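Examination of the molecular architecture
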Amino acid sequence: MQRSASRLPRILACAAVPVMLVVAGCSSDSGGSGDSGAKGTQDKTSASASATPAPKPTPTVEPAKFAKLPEVCKAISAKTTASLVPKAKNKKGTPAASSDLASRGGCSWNGLDDKGVKGSQYRWLDVSFYRYDSDVSLGSGQERAQENLTKELAKIQATPGAKKLRTTTATGIGEEAKSVAYQVRKTDEDFVYASVVARTGNVLVLLSYNGAGYAGAAAPTEKTVMDGAVKAAKEAVAAVAAANK
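Let me begin by describing the structure that accompanies this report. Along each chain, residues carry numbers from 1 onward, in the same order as the chain's sequence is written. For a predicted model such as this one, the threshold for reporting local features is a pLDDT of at least 70, and the threshold for listing and counting side-chain atom pairs is 80 or more; totals across whole chains, interfaces and linings nevertheless cover every residue. Where side-chain values are given, they derive from all heavy atoms of the structure, hydrogens and water being excluded.

1. Remarks on unusual backbone geometry
Convention followed: Note on conventions: DSSP H or I runs of at least 4 residues are helices, E runs of at least 2 residues are strands, and numbering of each starts at the N terminus. Summary of the burial criterion: residues with accessible area below 20% of their type's maximum are buried, those above 50% are exposed, and those between are partly exposed, where the area comes from a 1.4 Å probe applied to protein chains only.
For Thr187, which is not a glycine, the phi torsion comes out positive at approximately 45°. Residue position: Thr187 is located in the loop between strand S5 (176–186) and strand S6 (189–200). The exposure class assigned to Thr187 is exposed, which follows from its relative accessible area of 52%.

2. Some words on the pattern of salt bridges
Here is the rule: We define a salt bridge as a side-chain nitrogen of Lys or Arg found within 4 Å of a carboxyl oxygen belonging to Asp or Glu.
For the structure on display, the rule yields twelve salt bridges. Lys74 is the salt-bridge partner of Glu71, the closest N and O atoms lying 3.7 Å from each other. For the residue pair Glu71 and Lys74, the accessibility class agrees, reading exposed in each case. For the salt bridge of Lys163 with Asp190, the shortest nitrogen-to-oxygen distance reads 3.9 Å. Here Asp190 lies in strand S6 and Lys163 lies in strand S4 (residues 163–169), a separation of 27 residues in the sequence. Note on Lys163: relative accessible area 39%, which makes it partly exposed. The network of salt bridges with common partners includes Lys65, Glu175, Glu176 and Arg199.

3. Thoughts on the state of the cysteines
Our working rule: Note on terminology: pairs of cysteine sulfur atoms within 2.5 Å are recorded as disulfides.
Counted by the stated rule, this structure contains one disulfide. Disulfide pairing is shown between Cys73 and Cys107; the S-S distance is 2.0 Å. Judged by the torsion about the S-S bond (100°), the Cys73/Cys107 disulfide is right-handed. Taken together, the residues Cys73 in the loop between helix H1 (2–51) and helix H2 (78–84) and Cys107 in strand S2 (residues 104–114) connect sequence positions 34 residues apart.

4. What to know about the nonpolar core
Our working definition: Throughout this description, the term nonpolar core refers to a set of buried Ala, Val, Leu, Ile, Met, Phe, Trp, Tyr and Cys residues connected via side-chain atoms within 4.5 Å. By definition in these notes, contact holds between two residues if any of their heavy atoms fall within 4.5 Å.
Judged by nonpolar contacts, the single largest core of 34 residues is most densely connected at Ile76, Trp109, Leu125, Val127, Phe129, Ile173 and Leu207. With nine residues, helix H4 (residues 222–243) is the single largest residue contributor to this core. Beyond its immediate sequence surroundings of up to four residues, Val127 is in contact with Val72, Ile76, Gly105, Gly106, Cys107, Trp109, Val205, Leu206, Leu207 and Ala236. Grouped together as the second largest cluster of nonpolar side chains are 14 residues, Ala145, Leu153, Ile156 and Leu206 included.

5. With respect to the sheet that holds S2
Operational definition: Should DSSP find at least two bridges between two strands, the strands are regarded as paired. Angles run from 0 to 180 degrees between N-to-C directions of axes, and those axes are lines fitted to C-alpha atoms, restricted for helices to the stretch in contact.
Ordered in space as S1-S2-S3-S7-S6-S5-S4, the seven strands form an open sheet in which the pairing is antiparallel. At either end of the open sheet lies a strand with only one pairing partner, and these are strand S1 (94–95) and S4. Bridge analysis of S2 against strand S3 (residues 120–131) gives eleven bridges, and the strand direction is antiparallel. From the neighbouring strand, Arg104 faces S3, where its bridge partner is Tyr130. Most of the contacts of helix H3 (residues 141–157) go to S6, to which it runs at about 170°, and overall it touches S4, S5, S6 and strand S7 (203–214). Taken strand by strand, H4 contacts S3, S4, S5, S6 and S7, and its axis lies near 30° from that of S6.

6. Here we look at the environment of Arg123
Keep this limit in mind: Any pair of N or O atoms that falls within 3.5 Å is considered a polar contact. Within protein, one atom must be able to donate a hydrogen and the other to accept it, and sequence-neighbouring residues count only if both atoms are side-chain atoms.
Tracing the backbone through its elements, the reader meets Arg123 in strand S3. Exposure remark for Arg123: the relative accessible area of 13% places this residue in the buried category. Along the backbone, Arg123 and Val85 are 38 residues apart, and their C-alpha atoms lie at a distance of 5.5 Å. Here Gln121 takes part through its side chain, which lies 2.8 Å from a polar atom of the side chain of Arg123.

Note that all results are geometric; they support no functional claim without further evidence.
So, in C-alpha cells, the structure goes:
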C-alpha cells in the first residue's frame, strides 16, 4: 500500500504532461492563425486602396467666339446689293427658310436689267451664314467651322459643268477665306461665277455672285464678278462681329 501510494503522484504528474502539451499546442495554433488573418485583412485593405482609380479631369473645349448671327438680309448694305444687282426683284432681299436663325440663315437677290437693244444683264447674289457651337465630343466652334470650310469649298470645286475653275486664297476676309472663279453654260448663255468661303471665329460665311448677258449682251468679266463677291463677303464677315458687340 505504501509503495502504491508513493507512486500515485508520479503517475498523475506524468498523466498531466500530454494535456499541457495539447493545450499549449492549441494555444500556439490559435495565436498563429489570428496573426495571419489580421495581416491578410490589412493587405487586402491596402491593395483595395491602391487599386482605386484617381478621378478623371473634366473634359474642356475652347468656348465659341460668337453667340449669334446678324440679320442676314441686312448683313450686306443696301448700297452694295443695289450696285451688284441693279434691278433686284426684292431690293431688301429674299430670306432663306431656317428653323434656327441663331445657327444658320441666308438671303438672296436676283434681277434682270433690260437695256433694250443693247441686251440685258442678269445678276444673282446669295449669302449664307452657319454658326457652330463648341461641343466636348465634336470640338470647338472654331474647329468645326474650319472643318466645314474645307467641305463647302470642295462642294463648290465639284460644281457640275464648271469650266475654267480657279481657286485662290482671299486675303482680308475673316480669319481665313478661299475664292473660286468658274463658268457654267446654261440657258444657252455663259454664266460667270465667283464664290467666297470665309471663316470668322466659329461662323462660316458662304457667298456666291454670278451674272450673264442676254439678247446679245456680253457676259460680265471674271474680275467684275469676283470684285463684287469679295466686297460683299467683307461686309458679311464684318456684320458678324458687329452683331456680337
